[in-house]
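Summary of the model geometry
Spelled out, the chains give:
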Amino acid sequence: MRAGPSQEEIRRQNLSTLLRHIHLGGPASRAVLADRMGLNRSTILALVSELSSAGLVREELPRETGRAGRPSLVVQPESHRVHVLAFDVGVDYLAAARVGLGGVFLDRRETTSPEIGRDPGQAVAILAGYAGEMTAAAPADSVCAGAAAAVRGMVRHPDGLVRSAPNIGWLDEDFGGALTRRLGLDSPVLLDNESNLGALAEHLRGAGTGLQDLIYLHGDIGIGGGIISGGRLLRGHQGYGGEVGHMLVNPRNGRRCSCGSRGCLEAEAGQNALLEAAHRQHHSTTGRKAVQQIVEAADRGDVTARAALHAVGDWLAIGIANLVNLYNPATVIFGGNLPDIYLSAAAQIRSRINSHALAAVRESTRFRVCRLGNDTLLNGAAELAFTRLLTNPLDHTGL
């Protein structure tokens, strides 16, 4: 028979839970925390004192109360003292951010250039340079609690090796290791697939907050999917779960996909398919701006642009119908360039889903665009980077 948790284990779990409440839920009084955690106020006081001594939280009066009488102190995250570094690596886009405890963006850098993400060495150099600039601009007592990056590809769990990233041309790339060495960090830079981190971000801070079952779809050149099931990220055996962009939707007559197959969802509904259908594949404008230009042209009555959006929307809807039937999500959230496509062809997409998804499943499924916008993946990377600190708040060597 396994022994129950010790008092020390309970204490450490309570410290972790309290810090998570402050990190995700924002400032709260001791009374509110006691109610949320089901603990008495003296226990909450002891936990807050420990976290405060560690430099993770502080107590102060709220700015405005709107009530008579002496206001209660609120527990605040030490956002400016404790931060992580978050990175986002795309085909033509690199971004870095310094994110404070509580999810506060303290600093941010980005660059857009065709093919900039294809050379991992160049990407490491640029991102490390951004990290150096942001760290130099941080307060002297600011402490880095971790770092993580979102990449477009199949990332092996838990070691973070990028096994395959066909849209950026990587194969068996130890990008996290290279970035860790360049940054000189004590702990490794964590890596995950961009859609997993998008799902995590929208689940914790965005359009899926409070939902236990959701699917996040991220679109740029490819299409990826992150699945939250029962409140947990669904990774699969080695971390390769959720490769929805390579779901076959048109195997017989489909377009060639970067993975080598034909008729994958991302080949039929990704950015390149849309540009080609709109006869814009040779334009200099790429990325989300190119998608937005097609949407704007369709809004002005451009028949070719409108037909392209409908064609891509049809294939996207078939993929979504399959996912809805498989996972029965409460919500499907669109990120990357997919919000533009979905909003411009929503009626058609929903009609096609209604034709292909089971009635019992689809009737309760809602469709939303991501709430965190262009920072969704950086938010997800930041949450991954905070994992160690939130799990063991007092064990972090840098604090």
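The structure this text deals with has already been given above.
Now for a look at the structure at hand. (Residues numbered from 1 in each chain as written. Predicted model: local features only at pLDDT ≥ 70, side-chain atom pairs only at ≥ 80, totals over all residues. Heavy atoms only, no water.)

It is worth spelling out the sheet that holds strand 3 (residues 74–77) at this point. Strand order in the open sheet made by the three strands is 1-3-2, with antiparallel pairing throughout. Taken across any chain shown, the strands that pair with only one partner, and hence form the sheet edges, are strand 1 (28–29) and strand 2 (57–60). When strand 1 meets strand 3, the two strands line up antiparallel, connected through two bridges. Across the sheet, residue S29 finds its bridge partner in strand 3, namely V74. (Pairing = 2+ DSSP bridges. Helix = DSSP H or I, 4+ residues; strand = E, 2+ residues; numbered from the N terminus.)

Time to look at the pattern of salt bridges. All chains considered together, the criterion is met by 21 salt bridges. Residue R152 pairs with D88 through a salt bridge whose shortest N-O separation is 2.3 Å. With a gap of 64 residues between them, R152 in the loop between strand 7 (143–151) and strand 8 (154–155) and D88 in strand 4 (residues 82–89) connect regions that are remote in the sequence. D88 matches R152 in its accessibility class, with the two residues each being buried. Between R109 and D107 there is a salt bridge, with the nearest N and O atoms lying 2.5 Å from each other. Judged by relative accessible area, which is 22%, R109 ranks as partly exposed. Salt bridges sharing partners connect three or more residues here, namely E8, R11, R12, E50 and D395. (Salt bridge = Lys/Arg side-chain N within 4 Å of Asp/Glu carboxyl O. Buried < 20%, exposed > 50% of the residue type's maximum accessible area, 1.4 Å probe, protein only.)

Turning our attention to the packing of helix 2 (residues 30–37) against helix 3 (residues 41–53). Following both chains from N to C, one finds helix 2 and helix 3 inclined at 110 degrees, their axes separated by 9 Å at the closest point. Classified by the angle between their axes, helix 2 and helix 3 sit roughly perpendicular to one another. Between helix 2, through R30, A31, L33, A34 and M37, and helix 3, the contact on the second element is made entirely by R41, I44, L45 and L47. Here the contact of helix 2 with helix 3 is composed, by residue class, of seven nonpolar, no polar and two charged. (Axes fitted to C-alpha atoms, helices over the stretch in contact; angles between N-to-C directions. Parallel < 35°, antiparallel > 145°, perpendicular 65-115°, else oblique. Contact = heavy atoms within 4.5 Å. Nonpolar A, V, L, I, M, F, W, Y, C, P; charged D, E, K, R; others polar.)

This part is about helix 2. In an α-helix, one full turn covers 3.6 residues, which means residues spaced three or four apart are oriented alike. Of all the residues in helix 2, the buried ones are L33, A34 and M37. The buried side chains of helix 2 occupy one side of the element, clustering within an arc of 100 degrees when seen end-on. Structurally, helix 2 contributes buried residues whose contacts are with helix 1 (7–25), strand 1, helix 3 and strand 3. (Arc of directions from axis to C-beta.)

Attention shifts here to the pairing of strand 15 (residues 331–336). With six of six residues buried, strand 15 is to be regarded as a mostly interior element. Pairing between strand 15 and strand 16 (residues 366–369): four bridges, direction parallel. Looking at the pairing, F334 lines up with V369 of strand 16.

With that settled, consider the packing of helix 10 (residues 303–327) against helix 12 (residues 346–356). At a closest axis distance of 8 Å, the pairing of helix 10 and helix 12 adopts a crossing angle of 40 degrees. Put simply, helix 10 runs oblique to helix 12. For the pair helix 10 and helix 12, the crossing hand works out as right-handed. Across from H310, G313, D314, L316, A317, I318, I320, A321 and N325 in helix 10, the residues of helix 12 making contact are Q348, I349, R352, I353 and H356. Residues belonging to the contact of helix 10 with helix 12 are distributed by class as follows: seven nonpolar, five polar and two charged. (Left-handed = near helix turned anticlockwise from the far one by under 90°.)

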